[in-house]
Amino acid sequence: MLKVENLRVSYGDIEAVHGVSLEVGPGELVSVIGANGAGKTSLLGALMGWVPASGSIVFDGEEISSLAPHHRARRGIRIVPERARIFPQLSVRENLRAGVYGLKIGEESFRRRLDELYALFPILQERGGQLASTLSGGEQQQLAIARALVAEPRLLLVDEVSMGLMPKLVDEVFAVLRRLNREKGLPVLLVEQNARASLAISDRAYVLETGNLVLSGTAEELEHDARVREAYLGL
């Protein structure tokens, strides 16, 4: 599904991601865990084509590293960005409409997709006419996920979805990601500081430290790795 080899991201003379290689297979939920500043957001930015990068990015058998962000999105890669980044002065429904911008989709199909999303996030149906800026932090995060899902992505990238959320809301959001992956077969690449929550729902995981991948394995293996337990799980 996704294969990344020797990915490097630089900002001027500073290299933030150093030769990272990773994979996400069909139907997998894969986490990249690491502390703040590890390079996780830069990694996802490179996958979306938002930041300059070198190396190989192959999606569904096609090399996409030279493609513009909108072409990657049209091929089915969608992202839930850090801190939601919804459009605050648009309504909830208008934000969801923005999720299919540029796609050829009829009104009936759009309504069907909305119904599916409202089943996942009932609060969004209740708040449909409200400005997105009036939503709570947790509701904005749900809206950001729904905006990505309305395009029916083939791969979902998720950036620090737990940031700023209360523990109860973190559990709810992660439960939705797990459900999408398990029931819908949606491949997910999740980058997170919250190692405990992300490993709990993942098939496999990588550990990123100062731009370098230092560990990888099944989620269960990393949960029991002494280095991960001490550095990220507080055990």
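Our subject is the structure listed above.
A brief structural summary. (Residues numbered from 1 in each chain as written. Predicted model: local features only at pLDDT ≥ 70, side-chain atom pairs only at ≥ 80, totals over all residues. Heavy atoms only, no water.)

### With respect to unusual backbone geometry
Stated precisely, the cut-off is as follows: Exposure is judged per residue with a 1.4 Å probe applied to protein chains only, and the accessible area is read against the type maximum: over 50% gives exposed, under 20% gives buried, and values in between give partly exposed. Helix numbers and strand numbers start at the N terminus; a helix is a DSSP run of H or I with at least 4 residues, a strand a run of E with at least 2.
At E152, a position not held by glycine, the phi torsion is positive, near 50 degrees. Assessed through its relative accessible area of 37%, E152 is described here as partly exposed. A positive phi angle, near 50 degrees, is found at E160, a position not held by glycine. Along the polypeptide, E160 turns up in the loop between β7 (155-159) and α7 (167-184). Overall, E160 belongs to the buried group, its relative accessible area being 4%.

### Observations regarding the sheet that holds strand β4 (residues 53-59)
To be explicit about the condition: Only strands joined by at least two bridges in the DSSP assignment are considered to pair. In this description, contact between two residues means that some pair of their heavy atoms is separated by no more than 4.5 Å. Axes here mean lines fitted to C-alpha atoms, for a helix over just the part in contact, with angles spanning 0 to 180 degrees between N-to-C directions.
Overall, antiparallel pairing links the 4 strands, which are arranged β2-β1-β4-β5 in an open sheet. In the strand order of this sheet, the two ends are held by β2 (14-24) and β5 (62-63), each with one partner. In this structure, β4 lies alongside β5, joined through 2 bridges in antiparallel fashion. Counterpart to F59 in the pairing with β5 is E62. Contacts between helix α1 (residues 40-48) and the sheet are confined to β1 (2-11), β2 and β4, with β1 contributing the most and set at about 110 degrees to the helix.

### Re helix α4 (residues 107-120)
The α-helix winds at 3.6 residues per turn, so residues separated by three or four positions along the chain end up facing the same way. Condition: Under the convention used throughout, the expected extent of a helix is 1.5 Å for every residue step, that is, one less than its residue count. Directions drawn from the helix axis to the C-beta atoms are what define this arc.
Between its first and last C-alpha atoms α4 spans 20 Å; for 14 residues at 1.5 Å apiece the expected length is 20 Å, and the two agree. Within the sequence span of α4, burial applies to F110, R113, L114, L117, Y118 and L120. Each buried residue of α4 lies within a common arc of 145 degrees when the element is viewed along its axis, so the set occupies one face. Opposite the packed face of α4, turned more than 90 degrees from it, sit the exposed residues E108, D115 and A119. Elements in contact with the buried residues of α4: α3 (92-98), α5 (122-126), α6 (137-149) and α7.

### Quick notes on the pairing of β4
Pairing analysis gives 6 bridges linking β1 to β4, with the strands arranged antiparallel. Within β4, the position partnered with V4 by the bridge is I57. In this structure, the hairpin formed by β4 and β5 is closed by a connection of 2 residues, where D60 is found at a positive phi of approximately 50 degrees.

### Structural notes on the sheet that holds strand β3 (residues 29-33)
The strand order across the open sheet formed by 6 strands is β6-β7-β8-β3-β9-β10, and the pairing between neighbours is mixed. The sheet is open, and its two edges are formed by β6 (77-80) and β10 (212-218), each paired on a single side. Neighbour-to-neighbour, the strand axes of the sheet open up by a mean angle of 15 degrees, direction not taken into account. Here strand β9 (residues 204-209) runs beside β10; their pairing, made up of 6 bridges, is antiparallel. Each bridged residue has a counterpart across the sheet, and for V207 the counterpart in β10 is L215. α1 contacts β3, β6, β7, β8 (188-192) and β9 of the sheet and is inclined by roughly 150 degrees relative to β7. Seen against the sheet, α6 touches β6 and β7 and runs at an angle of roughly 175 degrees to β6.

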